[in-house]
Amino acid sequence: MERPHLRSEWREGLRSRRWRLWAALLLLVLLLLAVLVFLAAEYEESRDQAALEQDAAAVASDIRGNLVRNVQTLQSLYSVAPTADSWDGPAAELLVQHRELVRLEWRDAQQRLIAHRDTPFLSDLFGYLDRDQALPEVSLACDNARRLSGPAYSSSYFWPLRDGKGLEMMEMCLPVARAGSPSGFLVATYSLPGMLAELTNKDLLRGRGLAFNEADGTRLALYSVVPGSRRTFTARTVLDLPGHTLLLQLQSPRLVRGLFPNVLTAVIGALSLALLSVLFLLGRDIRRRQRAELDVAEALAFRKAMEDSLVTGLRARDMQGRITYVNPAFCDMVGLSAEQLVGTGLPAPWWPPELVDEYQQRQMVRLAGQVLPREGYESVFQRPDGTRFPVLIIEAPLIDAVGKQTGFMSAILDLTEQRRVEDLNRTSQERLQATARLATVGEMASLLSHELNQPLAAISSYASGTLNLLEPAAGPGAGVGAVQADLVQAMQRIGEQAERAGRVIKSVADFVRRREQVREAVTPQSLIDAIQPLLGLQAKKQGIRLQIHIAPGCPPVLCDRTMVEQVLLNLARNGVQAMPVGDPSPHSGLRVLRVDVGQDRLHSGEAPGGQPQKAWVAFSVTDHGLGLSAEVQAKLFTPFFTTRAEGMGLGLSLCRTVIEQHGGALTHEPAQPRGTVFRFTLPVAPA
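Here we summarise the structure given alongside this text. (Residues numbered from 1 in each chain as written. Predicted model: local features only at pLDDT ≥ 70, side-chain atom pairs only at ≥ 80, totals over all residues. Heavy atoms only, no water.)

### Re the sheet that holds strand β17 (residues 545-550)
Judged by pairing direction, the sheet is mixed, and its five strands sit side by side in the order β17-β19-β20-β22-β21 without closing on themselves. Only two strands of the sheet have a single neighbouring strand rather than two, namely β17 and β21 (666-670). Each strand of the sheet is rotated relative to its neighbour by a mean of 15°, with strand direction disregarded. Note that β17 and strand β19 (residues 592-599) share six bridges and pair parallel. Bridge pairing in β19 places Ile550 opposite Val597. In the packing of helix α12 (residues 561-577) onto the sheet, contacts are made with β19, β20 (616-623), β21 and β22 (676-683), and the angle to β22 comes to roughly 170°. (Pairing = 2+ DSSP bridges. Helix = DSSP H or I, 4+ residues; strand = E, 2+ residues; numbered from the N terminus. Axes fitted to C-alpha atoms, helices over the stretch in contact; angles between N-to-C directions. Contact = heavy atoms within 4.5 Å.)

Set out below in structure tokens:
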């Protein structure tokens, strides 16, 4: 017989469960209502935003149309005013009518100024800076106009004024022709604030903010702002002009909207009834699911234990290519969880982007029934972080209990370690070959040093003997002609260069034999002076201007003078060769080879504890060639690697070895706007 207190507890528990159920239902209804109100507000705001974007597009269209009409007006101006004298009056009248224009110029086919006229509304526009400061923008616009055979615009630029303010301006260049032949350009200078004020619909902008912005949000020109501090909508549209693109920003205050109409109450009630039905069905489904889970729990636990113990990746797919199963080993391989993988189809998320088409074709062959080899095939997978690894895939049909094929089961083996061992063996072989070639180079250097010392000694002796024969004629009281003086100087230079060549050969021989190098205190100026005659001659032949800058007070360095001179000369010659004739153009101002010397502030100073660190002097050689590709940078200091047909590929490798023997470092980085900077450091000589 059931006890009364147990029956009472059962009823209280049932009543409590019912109360919790109704409370949950009420909470869901309230949440649904809040969501509906939120969606209403979002709908209103999206509608206002869409309207603002349409207005922004209309403003951009007005500006674009007015600019086209201005081009037509300028063409008419050129037609009615064929000479510079007759052109001035109509140009002044045009500037009065179009306040967005601050200057009009007539230039010939070589962009030389024929006539110009400034706006009367800005009397001192070019008083602070000369107009020539804007010629690069004019040249760029006219070059684009010549290429497009139509009007072209330059990028905008800031023009300072005397009162501390400034104006954002933009150049428009229009090629003109007379009798079918090009006869020059008409250049119109636009004020960006003037474009916003004069080329837009004022009624459309009432109570709104309008501005030109950069892509990163930097404001270029402002016409109006939204009054007050209310929240605003913002619409941005692109004003695409020939040769340049501007970002137009339009702002409008947010309008206060009402709530949803009451007709949605019926919708909420219907949704509430539907929610109750869903809850009932969900409860019945949960009971059935619990019974099913109890039946399969043991089987799943046993299978999962086997899955977790495997190191081979397993993957199952259906006949459409969708993943139905993966084991933990496969998830670890591709760097994705099972939840991210199961249910995904083709293309697979671990396929490299450039191999998607190839892999798609292979899967189409598999799904069409043309099975791949039983022994498997190799492939490449890619993880989400971009790392790639080779794999071996072995696939077999997946057959269900009734003998029907439902998909494919794949076993995936990671071949990364195997490839690493193969690459290590290959690298070892390449290093052995490079070492053998370096040994051969060392033997050649020793042989050349032995064979060249005698001819160089003979050259030096002949130069000294010639100077001795010339000295009586050039003695006190003797009249020395200009030719004889030049001959004496030439013989002195021959002797100096022969001695220098002997020192270079001796230093190279010592370097190859790894003898102790002789270090001495050398001023940077003397190092530059030693290579400047040879470097200047080669740069002059290539039409390259040589710039040398040594920081005042730069201390001497402790180095092997001859070897460091060769390092400087090699880097400078590489810089000259990086700028062939015509690239960059002589008119670009970039045909410059710059050598800078200064104390390295980054590595000089005090060590922790107040102890002084070793001081360094930095040498840099900057060229303006095409720069170095990523592939070349990876092999730049590799022996026997070169990009020139006549090179051996040892120059930069030897340079880095010489600098590292001095305790310094040889590095490189891109130069601006183009080219490469090679920089190395040498220790400062003790005081």
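### Quick look at the pattern of salt bridges
For the structure on display, the rule yields 17 salt bridges. The closest approach of N and O atoms between Arg131 and Glu171, which form a salt bridge, is 2.8 Å. A residue pair is termed long-range when its members are at least 10 positions apart, and Arg131 in the loop between β2 (113-118) and α3 (135-148) and Glu171 in strand β5 (residues 166-178) qualify at 40 residues. For the pair formed by Arg131 and Glu171, the shared burial category is buried. Two residues, Arg206 and Asp203, come together in a salt bridge whose shortest N-O distance is 2.9 Å. Taking the relative accessible area as the measure of exposure, Asp203 reaches 54% and is therefore exposed. Ionic contacts of the salt-bridge type, sharing partners, join the residues Arg103, Glu105, Arg107, Asp118, Arg131 and Glu171 into one network. (Salt bridge = Lys/Arg side-chain N within 4 Å of Asp/Glu carboxyl O. Buried < 20%, exposed > 50% of the residue type's maximum accessible area, 1.4 Å probe, protein only.)

### Quick look at the state of the cysteines
This structure, assessed with the given rule, holds one disulfide. Cys142 shares a disulfide with Cys173; S-S distance 2.3 Å. Between Cys142 and Cys173 the disulfide shows an S-S torsion of about 95°. By sign, it is right-handed. Pair noted here: Cys142 is in helix α3 and Cys173 is in strand β5, with a separation of 31 residues, a long-range link. Side by side, Cys142 and Cys173 carry an identical accessibility label, which is buried. (Disulfide = S-S within 2.5 Å.)

### Quick word on the packing of aromatic side chains
For the structure shown, the criterion picks out nine aromatic pairs. Between Phe330 and Trp350, the aromatic rings sit 5.2 Å apart at their centres with planes inclined by 85°, giving edge-to-face as the arrangement. Of this pair, Phe330 sits in helix α6 (residues 328-334) while Trp350 sits in the loop between α7 (338-341) and α8 (356-367), placing them 20 residues apart in sequence. Trp350 carries the same exposure label as Phe330, and that label is buried. Judged by centre distance (5.1 Å) and plane angle (5°), the ring pair of Phe619 and Phe680 falls under stacked. Taken together, the residues span a long stretch of sequence, with Phe619 in strand β20 and Phe680 in strand β22 at a distance of 61 residues. (Phe/Tyr/Trp six-rings, centres within 6.5 Å; stacked < 30°, edge-to-face > 60°.)

### Some details on the environment of Phe637
Tracing the backbone shows Phe637 in the loop between α13 (630-634) and α14 (651-661). You can call Phe637 buried: its relative accessible area is 12%. Separated by 17 residues in sequence, Phe637 and Leu654 place their C-alpha atoms 8.6 Å apart. Here Phe637 is in contact with Leu652, Ser653, Arg656, Leu666 and His668, once residues within four sequence places are set aside.

### Considering the sheet that holds strand β13 (residues 377-382)
The strand order across the open sheet formed by five strands is β12-β11-β15-β14-β13, and the pairing between neighbours is antiparallel. Strand pairing shows two members of the sheet lacking a second neighbour, β12 (323-326) and β13, which therefore form its edges. Taken over all neighbouring pairs, the strand axes of this sheet differ in orientation by 35° on average, direction set aside.

### Thoughts on the pairing of strand β9 (residues 232-241)
Every second residue of β9 is oriented toward a common face, the buried set being Phe233, Ala235, Thr237, Leu239 and Leu241 and the non-buried set Thr232, Thr234, Arg236, Val238 and Asp240. Where β9 and strand β10 (residues 244-253) come together, ten bridges link them in antiparallel fashion. Bridge assignment links Thr234 to a residue of β10, and that residue is Gln251. Between β9 and the antiparallel strand that follows it, β10, lie two residues; Gly243 among them carries a positive phi value of about 95°.

### Re unusual backbone geometry
Geometrically, the link from Asp583 to Pro584 is a cis peptide bond, its omega value of 5° lying close to zero. Cis geometry is found at the peptide bond from Gln672 to Pro673, where omega equals 5°. Mapping Pro673 onto the fold places it in the loop between β21 and β22. Positive phi, normally seen in glycine, also occurs at Gln111, with a value near 65°. Along the chain, the position of Gln111 falls in the loop between β1 (101-107) and β2. Phi is positive for Ser149, close to 55°, though the residue is something other than glycine. Relative to the elements of secondary structure, Ser149 occurs in the loop between α3 and β3 (152-153). On the accessibility criterion, Ser149 (65% relative accessible area) is exposed.

### Re the packing of α12 against α14
Here α12 crosses α14 at 140°, and the two axes come no closer than 10 Å. Helix-helix and strand crossings are classified by hand; for α12 and α14 the assignment is left-handed. Each of Met563, Val567, Asn570, Leu571 and Asn574 in α12 lies in contact with α14, whose residues at this interface are Gly651, Leu652, Cys655, Val658 and Ile659. Split into classes, the residues belonging to the contact of α12 with α14 amount to seven nonpolar, three polar and no charged. (Left-handed = near helix turned anticlockwise from the far one by under 90°. Nonpolar A, V, L, I, M, F, W, Y, C, P; charged D, E, K, R; others polar.)

### Some remarks on a nonpolar patch on the surface
There is a patch of nonpolar side chains on the surface, built from Leu28, Leu31 and Val35 and spanning about 240 Å² of accessible area. Checked against the element boundaries, Val35 lands in helix α1 (residues 4-80). (Patch = residues over 30% accessible without salt bridge, like charges linked within 9 Å, V, L, I, M, F, W, Y side chains within 5 Å. Areas by Shrake-Rupley, 256 points an atom, 1.4 Å probe, with all protein chains shown as cover.)

### As for the packing of helix α11 (residues 524-541) against α12
Axis separation between α11 and α12 bottoms out at 10 Å; the angle between their running directions is 30°. Relative to α12, the element α11 is oriented roughly parallel. Here the hand of the crossing between α11 and α12 comes out right-handed. Along the contact surface, α11 presents Ser526, Leu527, Ile528, Ala530, Ile531, Leu534, Leu535, Gln538 and Ala539, while α12 presents Arg561, Val564, Glu565, Leu568, Leu569, Ala572, Arg573, Val576 and Gln577. Residue composition of the contact of α11 with α12, by class: twelve nonpolar, three polar and three charged. (Parallel < 35°, antiparallel > 145°, perpendicular 65-115°, else oblique.)

### Focus: the nonpolar core
The biggest cluster of nonpolar side chains holds 43 residues, and the ones touching the most others in it are Ile63, Leu74, Trp87, Leu104, Met195 and Phe212. Sorting elements by how many residues they give to this core places α1 first, with ten residues. Contacts of Phe212, omitting those with residues within four sequence positions, involve Ile63, Leu192, Met195, Leu196, Thr218, Arg219, Leu220, Ala221, Leu239, Leu246, Leu247 and Leu248. Core analysis: the second largest hydrophobic core is formed by 37 residues, Val522, Ile528, Val621 and Leu652 among them. (Core = buried A, V, L, I, M, F, W, Y, C linked by side-chain atoms within 4.5 Å.)

### Section: a positive patch on the surface
Where like charges cluster on the molecular surface, the positive patch consists of Arg284, Arg287, Arg288 and Arg291. Here Arg288 lies in helix α5 (residues 264-309). (Lys, Arg positive; Asp, Glu negative; His and termini not counted. Charge placed at Lys NZ, Arg CZ, Asp CG, Glu CD.)

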